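Commentary on secondary and tertiary structure
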Amino acid sequence: LVLDDANMLNVHLFRPPPPPTPPVPDYAVPILLRPEWQLQMYDWDLTINWIVPHIDGCKYVKQIAVSSEVDMEMVRACLRVLRHHG
């Protein structure tokens, strides 16, 4: 937006942020929508990289926590991050 010869105003419109991701219940069975190797390419949190191999579409949140030896709250938080990023 040009105001005059010496002044210009730059305006940038941003999309509204997405709504917050809902919490993951204990009985949820996560399913990977992308191949595991593709998820391992990203610089995720170490806990996410640790639990991704345990997500097989059969185990629910508590079983993933037990098999990966990660705290249940951390598994829920990681699954929420993965859900947020699709």
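In short, a report on the structure. None of these values were measured; they are calculated from a predicted model.

A tally of regular secondary structure across the protein gives four helices and zero strands. For the protein, the sequential pattern of α-helices and β-strands runs α-α-α-α. The dimensions of the protein, computed from C-alpha atoms along their principal axes, are 65 × 25 × 20 Å. Residue pairs in contact within the protein that sit at least 24 positions apart in sequence constitute 59% of those at least 6 positions apart. For the protein, the computed accessible surface area is about 6,800 Å², with 61% contributed by carbon and sulfur atoms. Each charge class in the protein was averaged separately, 7 positive and 10 negative side chains, and the resulting centres sit 10 Å apart.

Looking now at the side chain of Arg76. Counting through the fold element by element, Arg76 comes out in helix 4 (residues 72-85). Side-chain polar atoms of Arg76 contact the side chain of Glu73, separated by 2.3 Å. With residues near it in sequence (within four places) discarded, Arg76 still touches Val24, Asp26 and Val61.

The rules behind the values
Residues numbered from 1 in each chain as written. Predicted model: local features only at pLDDT ≥ 70, side-chain atom pairs only at ≥ 80, totals over all residues. Heavy atoms only, no water. Helix = DSSP H or I, 4+ residues; strand = E, 2+ residues; numbered from the N terminus. Contact = heavy atoms within 4.5 Å. Areas by Shrake-Rupley, 256 points an atom, 1.4 Å probe, with all protein chains shown as cover. Lys, Arg positive; Asp, Glu negative; His and termini not counted. Charge placed at Lys NZ, Arg CZ, Asp CG, Glu CD. Polar contact = N/O pair within 3.5 Å; in protein donor to acceptor, adjacent residues only side chain to side chain.

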